[in-house]
Amino acid sequence: MQRLTARQREQWAVDGFLHVEGALSADEVAFLGDELDRVRRQPGYEPSDLPRGHYGWLPHAASLDDHGFMDRRDLLGYHQAFVDLVDRPNVFDLIVDIMGPYLLFSMSQAIVRPSNTTFPGYTHTDGGEALRHVRVTETSRPIAMKAMYLLSDVEGTDAGNLTVFPGSHMRPFPDSPERWPNPHSPGAAQLQGKAGDCYLFPHSLWHGPAPNRSGRARKTLLYNYCQMFVRCYDFEVPPEIASRCTPRQRRLLGDLGHAFRPGSYFYAPRDQLEVITGETGESVLADTRPDDLLRA
Ligand SMILES: O=C(O)CCC(=O)C(=O)O
């Protein structure tokens, strides 16, 4: 599998994000962009008036304008292309190098940020109050991370840019209401990129969307991954989708090869390395599993 270059490894460790250029081809960008236009007219999970940011099942996105706001969760059922993106090698290889092979796919999301004069942008950490206070070291694997694919160019600033605070995944950050960071606070970096590029960043990095005054909508796909013990959130995998997945995709979607039972996800299945990386060899912990010791 592809590995991070020394420069990428350093940037991940110090800044807490990577910019992968040209992760998707122009054809894929066009296809996935058209898919989002189709998806917004279909029923699905969208922001609703449920409490604390929960998504409700709605008949379509809030706007039926292709350039209007959309925030759709749980994409895999809409097209096989969304399934295939789960372990697209040129990005997934890097994710495995960063997270290690004991990982799950945890969430999919499509966000369209329209150009307007009203949205001020915001910043946050993913994983909410919990991960905000779990700060890893430079060499630690993250607990959870995200791949954000651009489906439209982002040029200049205040163009709906993903805004990050480099290094904020490793240090306390002001999060009182009065000092809450915004996309124009000192230290904010509004990232630019081309359609097809992908940003990788851990949930504990402070980040968020800048306002979009660019005159055109910004389209993105977000794919999240977590360590196995964390478990997936935000989606269920209907058998119809599972039946179309490769063994690796099924494993990433939480299929361990047997029903969930106490002990599941504690140690990985014996074939985890082979399923995820294609390399033969058992989980490094296989020889010291309590069940093996108890049986000995
Ligand atoms: O840029 C966006 O629209 C939202 C990105 C973000 O903040 C996130 O993925 O958590």
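Residues numbered from 1 in each chain as written. Predicted model: local features only at pLDDT ≥ 70, side-chain atom pairs only at ≥ 80, totals over all residues. Heavy atoms only, no water.

Some remarks on the sheet that holds strand 8 (residues 189–190)
- The 3 strands lie next to each other as 8-7-10, forming an open sheet whose pairing is antiparallel. Single-partner strands in this sheet number two, and they are strand 8 and strand 10 (207–209).
- In the sheet, strand 7 (residues 162–164) pairs with strand 10 via 3 bridges, with the strands oriented antiparallel. Within strand 10, the position partnered with Leu-162 by the bridge is Pro-209. (Pairing = 2+ DSSP bridges. Helix = DSSP H or I, 4+ residues; strand = E, 2+ residues; numbered from the N terminus.)

Quick look at the site of the ligand
- In the vicinity of the ligand, the contacting residues are Ile-111, Arg-113, His-124, Asp-126, Lys-146, Met-148, His-207, Gly-208, Pro-209, Arg-218 and Leu-222.
- Between the ligand and Arg-113 there is a distance of 2.7 Å, counted from an oxygen atom to a side-chain nitrogen or oxygen.
- One nitrogen or oxygen atom from the side chain of His-207 is found 2.9 Å from an oxygen atom belonging to the ligand.
- Contact with the protein chains hides 97% of the accessible area of the ligand, taken as 290 Å² for the molecule alone.
- In terms of residue count, strand 10 provides more of the shell around the ligand than any other element does, 3 residues in total.
- Residues that form the shell around the ligand fall into these classes: 4 nonpolar, 3 polar and 4 charged. (Near = heavy atom within 4 Å. Polar contact = N/O pair within 3.5 Å; in protein donor to acceptor, adjacent residues only side chain to side chain. Areas by Shrake-Rupley, 256 points an atom, 1.4 Å probe, with all protein chains shown as cover. Nonpolar A, V, L, I, M, F, W, Y, C, P; charged D, E, K, R; others polar.)

Topic: the packing of aromatic side chains
- With the rule as written, the count across this model stands at 9 aromatic pairs.
- Between Phe-119 and Tyr-122, the aromatic rings sit 6.1 Å apart at their centres with planes inclined by 85°, giving edge-to-face as the arrangement.
- Under the relative-accessibility criterion, Tyr-122 is labelled partly exposed at 36%.
- Ring geometry for Phe-173 against Trp-206: centres 5.4 Å apart, planes inclined by 25°, an arrangement best described as stacked. Here Phe-173 is found in the loop between strand 7 and strand 8, whereas its partner Trp-206 is found in the loop between strand 9 (198–202) and strand 10, with 33 residues between them in sequence.
- Assessed through its relative accessible area of 13%, Phe-173 is described here as buried.
- Overall, Trp-206 belongs to the buried group, its relative accessible area being 1%.
- An aromatic cluster of three or more residues is present, and its members are Phe-92, Phe-105, Tyr-149, Tyr-223 and Tyr-225.
- In this structure, Arg-73 packs its charged tip against the face of Tyr-55, placed 4.1 Å from the ring centre. (Phe/Tyr/Trp six-rings, centres within 6.5 Å; stacked < 30°, edge-to-face > 60°. Buried < 20%, exposed > 50% of the residue type's maximum accessible area, 1.4 Å probe, protein only. Lys NZ or Arg CZ within 6 Å of the ring centre and 35° of its normal.)

Some thoughts on the confidence of the model for the protein chain
- Scored by pLDDT, the protein chain comes out at a mean of 91, with 93% of its residues at no less than 70.
- A low-confidence stretch, residues 285–289 (pLDDT under 50), is modelled with 9 contacts involving residues beyond four sequence positions or located in other chains. (pLDDT = per-residue confidence, 0-100. Contact = heavy atoms within 4.5 Å.)

Regarding the environment of Thr-117
- Along the chain, the position of Thr-117 falls in the loop between strand 5 (103–113) and helix 5 (128–131).
- Residues Thr-117 and Lys-146 lie 29 residues apart in sequence; the distance between their C-alpha atoms is 28 Å.

Some remarks on the state of the cysteines
- The full count for this structure, using the stated rule, is 0 disulfides.
- With no disulfide of its own, Cys-198 lies closest to Cys-226 among cysteine sulfurs, the gap being 17 Å. (Disulfide = S-S within 2.5 Å.)

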